[in-house]
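Observations on the three-dimensional arrangement
Here are the chains, one letter per residue:
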Amino acid sequence: MVLQYIQKFRRSRYGRPFRQVFYQGGSVLRKLLDLFFPSMTVNKNIDSYGPFRMNKEYLFSDFEGWGRGNNAQFHALVEECRGKRCVLDVGAHIGITTLPIASVISEKGVVISFEPGLKNLNTLKHHIQINNLTNVIVVDKAVGDQDNVTVHFMDLSIESGINKILGYGSSDNNVKYPKKKPKGSKEIVRKVPLITLD
């Protein structure tokens, strides 16, 4: 309950001046949790779905508000998957879409989640494991319009939604991240396999 008030204040216009304090405090708390409770998980709702067990890194994350703003169609997307036998999640990130969809598909259904980013992939697999989901298949490849080719993929050293394929379909092979990449992250360029869905 207290955590919800802190989250609400942190995201309000009154909390904006204190963002650095929240960031520093959260970093210290996460390090303490790693030290004293290394396998701790937290229960989180994603929009109105859940709760799902998630990595303690997301203790302060407001996934209940995931269906607002830019993600306003999230609830409709998950409901469209209700009762389906097979759903593809391309760019599955840490499972924010995979987890709710896996909870609403048909009893014998499967979610196939594609995620080439290493940190995202490991977190996605962890979230699937700690939620005891047996109806999710994880594919650690990028999806595109060519099959069995290798592409250069720019990954961040932290969970991120801004990983990308470099220079694919473009003459510009010097694609850079936005100027404001997450604090503490490092860019990692590596080769990943690309597959098609047909």
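Refer to the structure above for everything that follows.
Residues numbered from 1 in each chain as written. Predicted model: local features only at pLDDT ≥ 70, side-chain atom pairs only at ≥ 80, totals over all residues. Heavy atoms only, no water.

Focus on the overall build of the protein chain
Within the protein chain, the secondary structure is distributed over five helices and nine strands. When the helices and strands of the protein chain are read in sequence order from the N terminus, they spell out α-α-β-β-α-β-α-β-α-β-β-β-β-β. Out of the 198 residues belonging to the protein chain, those deemed buried represent 39%. Of the contacts formed within the protein chain by residues at least 6 apart in sequence, a portion of 61% connects residues at least 24 apart. (Helix = DSSP H or I, 4+ residues; strand = E, 2+ residues; numbered from the N terminus. Buried < 20%, exposed > 50% of the residue type's maximum accessible area, 1.4 Å probe, protein only. Contact = heavy atoms within 4.5 Å.)

Overview of the sheet that holds strand β7 (residues 149-156)
Strand order in the open sheet formed by four strands is β6-β9-β7-β8, and the pairing between neighbours is mixed. Two strands bound the open sheet, and with one partner strand each, they are β6 (142-143) and β8 (164-165). Sheet topology note: the β6/strand β9 (residues 187-195) ladder contains two bridges and is parallel. Within β9, the residue paired with Ala-142 across the bridge is Leu-194. (Pairing = 2+ DSSP bridges.)

Looking at helix α2 (residues 19-36)
With 18 residues, α2 should cover 26 Å at 1.5 Å per step; its first-to-last C-alpha distance of 26 Å lies within 8% of that length. Listing the buried residues of α2 in full gives Gly-26, Arg-30 and Leu-33. The arc that holds the buried residues of α2, viewed along the axis, is 60 degrees, so those residues lie on one side. α2 presents Val-21, Val-28, Lys-31, Leu-35 and Phe-36 as exposed residues on the side facing more than 90 degrees away from its buried surface. (Expected span 1.5 Å × (residues − 1). Arc of directions from axis to C-beta.)

Observations regarding the pairing of β9
With eight bridges connecting them, β7 and β9 associate as antiparallel partners. Following the sheet pairing, Thr-150 is matched in β9 by Pro-193.

Quick notes on unusual backbone geometry
Residue Pro-51 is bonded to the preceding Gly-50 through a cis peptide linkage, with omega at 10 degrees. Along the chain, the position of Pro-51 falls in strand β2 (residues 49-55). Phi is positive for Asn-148, close to 55 degrees, though the residue is something other than glycine. Structurally, the position occupied by Asn-148 is in the loop between β6 and β7.

What about the pairing of strand β3 (residues 86-90)?
Residue alternation in β3 divides its side chains into a buried set, Val-87 and Asp-89, and an unburied set, Cys-86, Leu-88 and Val-90. For the segment spanning β3, helix α4 (residues 98-104) and strand β4 (residues 110-114), crossover handedness is right-handed. (Right-handed = clockwise from strand over helix to strand, strands pointing away.)

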